[in-house]
Every structure is written in structure tokens, then in C-alpha cells.
Amino acid sequence: MTDPAPTGPSAPGTSTGPVVVGFDGSPESLTATEWAAREAQRRDRPLEVLEAWPWPKRDVVGSDQTYHRALAHLADRETALSALVPGVPVSTAPVSADPVEALEEASHRAAVLVLGSRGLGTLRGFLVGSVSQEVLRRSACPVVLVRAHEDEPDGAVTAGIDLAHPADHVLAFAFQAAALRSAPLRIIHVWSPPAGSEYMSYGAIGGLEGEVSSVEWSGLAEALEPLRARYPGVEVTADLVRGKPAVELVDATASARLLVLGRRLRHLPFRHHHLGPVAHAAIHHVHCPVAVVPYG
């Protein structure tokens, strides 16, 4: 039995909806469907495998065979996943629509949306396709990006938070993920001294940093207090790290099991949505699965 979902008027990804995973028959989507099946099992939620692409007109030569072949692959995947996680309701949903639009629509009813990545490129980072990047920007629920051919590694669930922005949803997702995996949780808040402090004397800088870090520690403890009480079985480590968030978080997740980050919801047309530099760096350079949780 899973822990109750966090409450709140706009808590994303905390509904009783299914775990939804995008599937297109590629190796990365095969890995993503397996990760999603295990996540559905952990959460005690149904699994929905969604294949979306603009189906060709059926009167075009060869299109009918392509259509039926795709449906057969989808049915085979449903059978394989049902065997992998017995007891989890598994369904498939072929959708004749643009993949980004279909996945974005599914995110409004899903607890979690899972997508595949093509693994590591020449720069040792994720090869994140345009569909995944668009869905990450537009999704209403948490999106987990899973690298091809790799299972979720052992290690701590790691969450990167910014105390300058609301962290409730990000922390709630991270605590729940750690609890469901019986894994330790590491919370990282990266901070920098105030602008202009580089022109101060060493003694003044040291005193200023001490004051700033004291305030940051207080804010971090306050943010964690209610979730520590709710998840007493989760072993939590909290770290303040001075530096650039994108660099420090990538370095800190070398042995992480899952990285959890936030993405601010903006009430703007989709074309103006963006991930931000930290999430962008993470999805391209972190080796473990990355969860991007919308908030605000």
C-alpha cells in the first residue's frame, strides 16, 4: 500500500491517475515501459502505454500493413509488461495524433508520465529528442526521463531544490519516491553569495557567507520538517552546496538512483514555456533517471 498522495489545490502528479508511458517501439521506449511498469507497481496504480503518431491514410500503398504491424507490436508490449508486473492493470492506447499533443493531454490525468532517452552521446549526455523536450516543457504532471538500455541504479534518490521558489511539490515527489523504493534521500540546495561580495575583503566575505548560509540552513530545515514527519522511515541527508546549481547537481548525481527537479509552471502559451538551465543541464548530462516536477 502506498502512502497517501500530498494534498493541495494544485499539487501536480498526485492524482489517482495511471502511470502513462510513451511507446514507439524504439529501444529507449522499451526501457521506459519497463521502468514505468515497475513504477506503477510501486505506486499501486494502473499502467497505460500510449503510442501516438499521425497514422498514414489507409488508402496509401503499404500503410495498412504498417498500421496493423504497429498495433501488433503494441499488443505484444502489453503482454510482456503484464507478465513483468503481475497484478498491475496494463492497457494500451494507440492515438492518431501528434505525439507531443497526445502526451501533453495525457499528463492532465496521469500521476506520472514516463519517456525514454536514446542514451549517452559523444559528450556523455542524454540525447533528448524534440518530442521529449516539448513534453517536459508542457506537461501538467511530473515527467521522468529514462535512459535506454539501463535499469534504475542503486543509490539515493536525490532532489535539487531552490529555496527562492516553492519546493513543496518537488520535495513531496522526492520523499514519496524514496519511501516507495526504501531508499535514502539526499536533498541538495545550491546557493551563491550575494552579487558584489567578490569585491569585499576576505574577512568580510567569510562573515557574510556565514550569515547567508545560516539563513539558508534555517529555510531548508523549515521546508523539510513537515515531510520528515510524514515519512519518518526515510533516511534524509540535507546539503547546502556553494556554486552553480547546474554544475553542482550534475556532479552530485554520479551515483544517484533518481534525480528530482522542479519546473515552474508559467501561464503562457506553450511556445514560451522553458525548462530552465538546471533542468536542461540535468536531462542532457545526468546518467540516472530524471524526474521534472511542475510547481506553482
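Above this text sits the structure in question.
In this report, we go over the structure that sits alongside the text. In this text, all values refer to a predicted model and were calculated from it rather than measured experimentally.

## Details of the overall build of the chain
Right, on to step 1. A count of helical and extended segments in the chain gives eight helices and 10 strands.
Right, on to step 2. Counting all 296 residues of the chain, 47% fall into the buried class.
Right, on to step 3. In the chain, 79% of the contacts between residues at least 6 apart in sequence involve partners at least 24 apart.
Right, on to step 4. Carbon and sulfur atoms make up 54% of the accessible area of the chain, which totals about 14300 Å².

## Let's talk about the sheet that holds strand β7 (residues 185-191)
Right, on to step 1. Taken together, 10 strands build an open sheet; the order of strands is β3-β2-β1-β4-β5-β10-β9-β6-β7-β8 and the sheet is mixed. What marks the edges here is a single partner per strand, and that holds for β3 (90-95) and β8 (236-242). Sheet twist, expressed as the mean angle between neighbouring strand axes with direction ignored, is 25°.
Right, on to step 2. Taken together, the three bridges between strand β1 (residues 19-22) and strand β4 (residues 112-117) define a ladder with parallel strand orientation. In the strand pairing of β4, Val 20 is matched with Leu 113.
Right, on to step 3. In the packing of helix α1 (residues 27-43) onto the sheet, contacts are made with β1, β2 (47-52), β4, β5 (143-147) and β9 (258-264), and the angle to β1 comes to roughly 175°.
Right, on to step 4. Each of β5, β9 and β10 (290-295) is contacted by helix α8 (residues 277-285), which is oriented at about 145° to β9, the strand it contacts most.

## Comments concerning the environment of His 189
Right, on to step 1. If you trace the backbone, His 189 turns up in strand β7.
Right, on to step 2. Given the relative accessible area of 3%, His 189 is considered buried.
Right, on to step 3. Apart from the residues lying within four places of it in its own chain, the contact partners of His 189 are Ile 161, Asp 162, Leu 163, Glu 216, Asp 239, Leu 240 and Val 241.
Right, on to step 4. Polar side-chain contacts of His 189 include one of 3.2 Å to the backbone oxygen of Ile 161.

## Structural notes on the packing of α1 against helix α5 (residues 168-181)
Right, on to step 1. Contact geometry for α1 and α5: axes closest at 10 Å, N-to-C directions at 90°. Classified by the angle their axes make, α1 and α5 are roughly perpendicular. Judged by residue contacts, Trp 35, Glu 39, Arg 42 and Arg 43 of α1 engage Phe 173, Gln 176, Leu 180 and Arg 181 from α5.
Right, on to step 2. When grouped by side-chain class, the residues that make up the contact of α1 with α5 number three nonpolar, one polar and four charged.

## A short note on the pattern of salt bridges
Right, on to step 1. Summed over the entire model, instances satisfying the criterion amount to eight salt bridges.
Right, on to step 2. With a shortest N-O distance of 3.4 Å, Arg 77 and Glu 34 are connected by a salt bridge. With a gap of 43 residues between them, Arg 77 in helix α2 (residues 63-84) and Glu 34 in helix α1 connect regions that are remote in the sequence.
Right, on to step 3. Taking relative accessible area as the criterion, Arg 77 reaches 12% and is therefore assigned buried.
Right, on to step 4. A salt bridge links Glu 39 to Arg 181, with the shortest nitrogen-to-oxygen separation between them at 2.7 Å. One end of the pair, Glu 39, is in helix α1; the other, Arg 181, is in helix α5, and 142 residues separate them in sequence.

## Description of the pairing of β2
Right, on to step 1. Burial of β2 is extensive: six of the six residues sit out of reach of the surface.
Right, on to step 2. In this region the chain leaves β1, passes through α1 and returns to the parallel neighbour β2; the handedness of that crossover is right-handed.
Right, on to step 3. Relative to β3, β2 is paired through six bridges, and the arrangement is parallel. Bridging across to β3, Ala 52 finds its partner in Val 95.

## Here we look at the nonpolar core
Right, on to step 1. Counting residues in hydrophobic clusters, the biggest one holds 49 residues, and the most contacted among them are Leu 47, Val 114, Ile 187, Leu 258 and Val 260.
Right, on to step 2. Ranked by residue count, the leading element in this core is α5, at eight residues.
Right, on to step 3. Not counting residues up to four positions away in its chain, the partners in contact with Leu 258 are Trp 35, Val 144, Ala 156, Val 157, Thr 158, Phe 173, Ala 177, Arg 181, Cys 288, Pro 289, Val 290 and Ala 291.

## Considerations on the packing of helix α3 (residues 99-106) against helix α4 (residues 130-138)
Right, on to step 1. For the pair α3 and α4, interaxial distance at closest approach is 9 Å and the crossing angle is 30°. Here α3 is positioned roughly parallel relative to α4, judged by the angle of their axes. Between α3 and α4 lies a crossing whose hand is right-handed. Contacts between α3 and α4 involve Pro 99, Val 100, Glu 101, Leu 103 and Glu 104 from the former and Val 131, Glu 134, Val 135 and Arg 138 from the latter.

Cut-offs and rules
Residues numbered from 1 in each chain as written. Predicted model: local features only at pLDDT ≥ 70, side-chain atom pairs only at ≥ 80, totals over all residues. Heavy atoms only, no water. Helix = DSSP H or I, 4+ residues; strand = E, 2+ residues; numbered from the N terminus. Buried < 20%, exposed > 50% of the residue type's maximum accessible area, 1.4 Å probe, protein only. Contact = heavy atoms within 4.5 Å. Areas by Shrake-Rupley, 256 points an atom, 1.4 Å probe, with all protein chains shown as cover. Pairing = 2+ DSSP bridges. Axes fitted to C-alpha atoms, helices over the stretch in contact; angles between N-to-C directions. Polar contact = N/O pair within 3.5 Å; in protein donor to acceptor, adjacent residues only side chain to side chain. Parallel < 35°, antiparallel > 145°, perpendicular 65-115°, else oblique. Nonpolar A, V, L, I, M, F, W, Y, C, P; charged D, E, K, R; others polar. Salt bridge = Lys/Arg side-chain N within 4 Å of Asp/Glu carboxyl O. Right-handed = clockwise from strand over helix to strand, strands pointing away. Core = buried A, V, L, I, M, F, W, Y, C linked by side-chain atoms within 4.5 Å. Left-handed = near helix turned anticlockwise from the far one by under 90°.

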